[in-house]
Every structure is written in C-alpha cells, then in structure tokens.
Amino acid sequence: VGPKVFQYVIKVIVQAMQLLYTMLKIEQPSYILLQNPPGLPSIAVAWVACLFWRSKLIIDWHNYGYTIMSLNHGRNHPLVQIAKWYEKLFGRLSDYNLCVTNAMKEDLWVNCNIKAVTLYDKPASYFKETPLELQHDLYMKLAKDYEAFKPRTESVSSNAERSALTEIDEKNGHVIKTRGRPALLISSTSWTEDEDFSVLLKALEDYEQYIDEGVKLPSLVCVITGKGPLKDYYNGLINKLHFKHIQICTPWLEAEDYPLLLGSADLGVCLHKSSSGLDLPMKVVDMFGCCLPVCAIHFECLHELVKHNENGLIFRDSKELAEQLKMLFLGFPALEGKLHNFRKNLRESKQLRWDESWDQIVLPLLGQNE
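Rules and cut-offs
- Residues numbered from 1 in each chain as written.
- Predicted model: local features only at pLDDT ≥ 70, side-chain atom pairs only at ≥ 80, totals over all residues.
- Heavy atoms only, no water.
- Buried < 20%, exposed > 50% of the residue type's maximum accessible area, 1.4 Å probe, protein only.
- Helix = DSSP H or I, 4+ residues; strand = E, 2+ residues; numbered from the N terminus.
- Right-handed = clockwise from strand over helix to strand, strands pointing away.
- Pairing = 2+ DSSP bridges.
- Phe/Tyr/Trp six-rings, centres within 6.5 Å; stacked < 30°, edge-to-face > 60°.
- Lys NZ or Arg CZ within 6 Å of the ring centre and 35° of its normal.
- Patch = residues over 30% accessible without salt bridge, like charges linked within 9 Å, V, L, I, M, F, W, Y side chains within 5 Å.
- Areas by Shrake-Rupley, 256 points an atom, 1.4 Å probe, with all protein chains shown as cover.
- Salt bridge = Lys/Arg side-chain N within 4 Å of Asp/Glu carboxyl O.
- Domains from an automatic or database assignment.
- Contact = heavy atoms within 4.5 Å.
- Buried area = accessible area lost by both parts, 1.4 Å probe.
- Polar contact = N/O pair within 3.5 Å; in protein donor to acceptor, adjacent residues only side chain to side chain.
- Nonpolar A, V, L, I, M, F, W, Y, C, P; charged D, E, K, R; others polar.
- Axes fitted to C-alpha atoms, helices over the stretch in contact; angles between N-to-C directions.
- Expected span 1.5 Å × (residues − 1).
- Arc of directions from axis to C-beta.

Undergrad: Please clarify how the pairing of strand β8 (residues 220-225) should be interpreted in this entry.
TA: Two faces make up the sheet, and in a regular strand the side chains alternate between them. With respect to burial, β8 is a largely interior element, six of its six residues being buried. The alternating pattern of β8 places Leu220, Cys222 and Ile224 on one face and Val221, Val223 and Thr225 on the opposite face, and all of these are buried. For the handedness criterion, the β-α-β arrangement of strand β7 (residues 183-188), helix α7 (residues 198-212) and β8 is classed as right-handed. The sheet contact formed by β8 and strand β9 (residues 246-249) spans four bridges and is parallel. Paired with Val223 across the strands is Cys249, a residue of β9.

Undergrad: Explain the packing of aromatic side chains here, please?
TA: The geometry of an aromatic ring pair is captured by the separation of the ring centres together with the interplanar angle, meaning the angle of the planes. Per the counting criterion, the structure on display carries 15 aromatic pairs. Judged by centre distance (5.6 Å) and plane angle (20 degrees), the ring pair of Tyr64 and Tyr66 falls under stacked. Relative to Tyr234, the ring of Tyr233 lies with its centre 5.0 Å away and its plane at 75 degrees, an arrangement referred to as edge-to-face. Through pairs of rings, three or more aromatic residues link up here, namely Trp191, Phe197, Tyr233 and Tyr234. Of note, Lys227 hangs over the ring of Trp252, and the distance from its end group to the ring centre comes to 4.5 Å.

Undergrad: Where do I start with a nonpolar patch on the surface in this structure?
TA: Judged by side-chain polarity, Val5, Val9, Ile13 and Met17 come together as a nonpolar surface patch covering roughly 370 Å² of accessible area. Mapped onto the elements, Val9 comes out in helix α1 (residues 4-25). Assessed through its relative accessible area of 43%, Val9 is described here as partly exposed.

Undergrad: So what exactly am I meant to see when it comes to the pattern of salt bridges here?
TA: Opposite charge on two side chains allows them to pair when their charged atoms are near. Considering all chains together, one arrives at 13 salt bridges under this definition. Measuring nitrogen to oxygen at the nearest pair gives 3.8 Å for the salt bridge that ties Arg343 to Glu129. Placement of Arg343 in helix α12 (residues 338-349) and of Glu129 in the loop between β4 (117-118) and α6 (132-143) is noted, with a sequence separation of 214 residues between them. In this structure Arg343 comes out as buried when scored by relative accessible area, which is 14%.

Undergrad: Help me out: how do you make sense of the domain arrangement of the protein in this one?
TA: The accessible area lost on association of the parts is a frequent measure of interface size. Here the domain parsing of the protein yields domain 1 (3-120 + 355-367) and domain 2 (132-348). The interface of domain 1 with domain 2 comprises 15 residues on the first partner and 10 residues on the second. Contact between domain 1 and domain 2 buries roughly 950 Å² in total, counting both sides, with carbon and sulfur atoms accounting for 58%. Taken together, domain 1 and domain 2 are joined by eight residue pairs in polar contact (both at pLDDT 80 or more). Looking at the side of domain 1 that touches domain 2, the elements that each hand over two or more residues are α3 (65-73) and α5 (102-112). Residue classes in the side of domain 1 that touches domain 2 are distributed as seven nonpolar, six polar and two charged.

Undergrad: Would you mind showing me how to read the side chain of Thr225 here?
TA: Looking at the element boundaries, Thr225 is found in strand β8. Non-local contacts of Thr225, meaning those with residues more than four positions away in its chain, are made with Ile186, Ser187, Ser188, Thr189, Trp191, Pro251, Leu253, Tyr258 and Leu261.

Undergrad: Whenever I open this one, the sheet that holds strand β3 (residues 96-99) confuses me. Can you help?
TA: Strand pairing within a sheet occurs via backbone hydrogen bonds; the two strands may be parallel or antiparallel. Strand order in the open sheet formed by four strands is β1-β2-β3-β4, with parallel pairing between adjacent strands. What marks the edges here is a single partner per strand, and that holds for β1 (31-36) and β4. Across two bridges, the pairing between β3 and β4 is parallel. Counterpart to Cys99 in the pairing with β4 is Thr118. In this fold helix α2 (residues 42-53) packs onto β1 and β2 (56-61), with an angle of close to 175 degrees to the strand it touches most, β1.

Undergrad: What should I look at first to understand α12 in this one?
TA: An α-helical turn contains 3.6 residues, so a residue and the one three or four places further along point in the same direction. If you check α12, its first and last C-alpha atoms are 16 Å apart, about what 12 residues at 1.5 Å a residue would give, namely 16 Å. Those residues of α12 that fall on the buried side of the exposure criterion are Leu339, Phe342, Arg343 and Leu346. The buried residues of α12 occupy an angular sector of 95 degrees when projected down its axis, which confines them to one face. Directly after α12, the chain includes Lys350, whose backbone phi takes a positive value near 45 degrees.

Undergrad: In this structure, what is going on with α5? I would like to understand it.
TA: Residues Met104, Asp107, Leu108 and Cys112 constitute the buried set of α5. The buried residues of α5 occupy one face: seen down the axis, they fall within an arc of 100 degrees. Seen from the open side of α5, the exposed residues pointing more than 90 degrees away from its buried face are Glu106 and Val110. Buried residues along α5 sit in contact with β2, α4 (78-91) and β3.

In structure tokens:
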C-alpha cells in the first residue's frame, strides 16, 4: 500500500525487526557469517547482533546489492544511492571479509576501504561427470514430460528402451549412446534482467541456418533450466521459433537431477552478465565441476574463471556464439577437436572442491583470532 518508497521503508523496518529477534534467540556464536547481497537490512542487523553477542562478523561479498537494484531503477535513483552508501558504511564495520574475485577484492579496498580475502566459488562434490547408466535413467525420466528427450525414430524392436540420446543394447543389456544422436546443450538461469536469452535464441537461429546450408552439424537438444520473472516472456519467444533441427525445453529440475544433467551435457552456455562486473557465475563453476566446457558471454573479470581456448570460449554477441557452436560441434560426436580438448583440460586441472578451498583459505584466517 502507498508509494514505492514507503513500501521499501516499511519492508526494511519489518525485516530488520524479524531478523534481529531471530538472531538474538540463537545460542551465542563465535562468528556470524553473512552473504551479501542481500545486505539490506541484514548487514546492520548482523552487526548489532555481533555487538550483543560479542561475536565477530564475517561478510562474504558475492556482489553489491545496489548494482542489482540499479538494473530496475537506474544507477542514479535515490534508493540505489542510499543502498550504495549503506553497503559501504556498514561493510566497514565487519571484522573479516571474503569476496569471490580478485577484481572485487581490489574494488572493495579502493572504493570502500575494506580489506578482503579472495575465496573463489568452488563446486560441491556432487557436481561431477555422470556415468552413462545414470544418464540414461535421467533421459528416460525427462522423456515422460519433454518431447526433446523422446527417441527420434521408432526402434526395430518395440521392447528396446530408448531416449533421444541413449538406448539399451539388446545383445548385452548395456547402455550405449544412440547413433546420430543430437548434441545436448545446457544453460541455467534465474530468468532475470542480467541475462539476455535472446542472444542464445538468435545464435540457435544461425546454427539452424548452417545446417540448412549443408554444414555437417548435429541436431541440438537445448535445455534451459531454472525459474524466474522473465521465464514466461522467453517461453513466448521460444514458441514462435519453428526449428527443424533444434528442440528447446525449459524444465524446472529436481535438485538431485540438476548435477546429473550438467554431468551428461556436451556443452554449457552462460549468459550471466554481472551487475557490478565483479562477480563470477556460479553456474559455470558447477559446469566445470562436471568437466563440462562452456561458452560464456564476456564481462570484465570473467577471465578469472573461463580461460578462453583452454576450458571454454568467451563470446560477445549472438553471431560470435553461433560461430563457436559451429566450430565446436563440427564432426560431432568424434572424440577430437576443441570440445574434447576443453573437457580433457578440465579433467586434468584437478580443481579444488568447496570444502577444500574453505579449509585452505578461511580456516587460517579464523585461526588468527584463536
């Protein structure tokens, strides 16, 4: 009820009271670890709770809340400016600070006088390559609801268990990949303003045209997972496309199925553009955990995660993405070429997992206080 500014003020006051009441009821902690964003009103409330408990406040900076607000309101909106002032002021009151990129570490120091330690996001242990048998089970499950995973042609034997990408070999009962199978392309999103999916849709139109022109490319199954405010808008755009060689589906996956699908895919696509230019897309971290190469849209500090021509490719527009898809899938599914090399590099990189990274970087930091 009332003007937007009034609604914001009331919301912040109510949330602050609820949060403070909850935090003062818990057992006395040694540390309070707060992820930002969202930081309004939680940074101030956590600081007050730390004063009460005589605890240490750790802020884990994943981004700036005011830059996310600016996507809707613009950088110069009074609410955005207040949020910016608030984050800088209360951010300085923390005892320790973690951040997700070296670029953010530098920005926090230069613009906010906040000293932080870089703790890169790492994949959880369950993000890994999916065995073929589990891939088949997942495809068969998805085929019940999504046309893209159903077999393209009828089997000679009506008893054969098949999906669009895998089947059971009737001679030995083993799972094999179907001959002439489509490539599985995956992207995940929260369907918000910081990801422009029209870039991917335009690239897929160009990819379809390459096939029509005679380029030897596989058909595509393109899965875009997630839910959010712009999903209906983009589903409307997808429904207007009439592809012959590409099938797109936008499922909301069960939590346990998402890592299995990442571990089964042939290529990931990331359209995340950081609102601040200082954070990295968690979806790419998870994809790399599954040894899944990616094509990711360029922004300032992306090179800290995606190494161009080493574990994936960086593109700037739909035309460049279409060219990359053509280059990567030419001759698919032959075990050679860039796509295979990227996956090989990811397997050999032996990247740290989340708990290992925490033990190496955060525990020594906390140990200084013991």
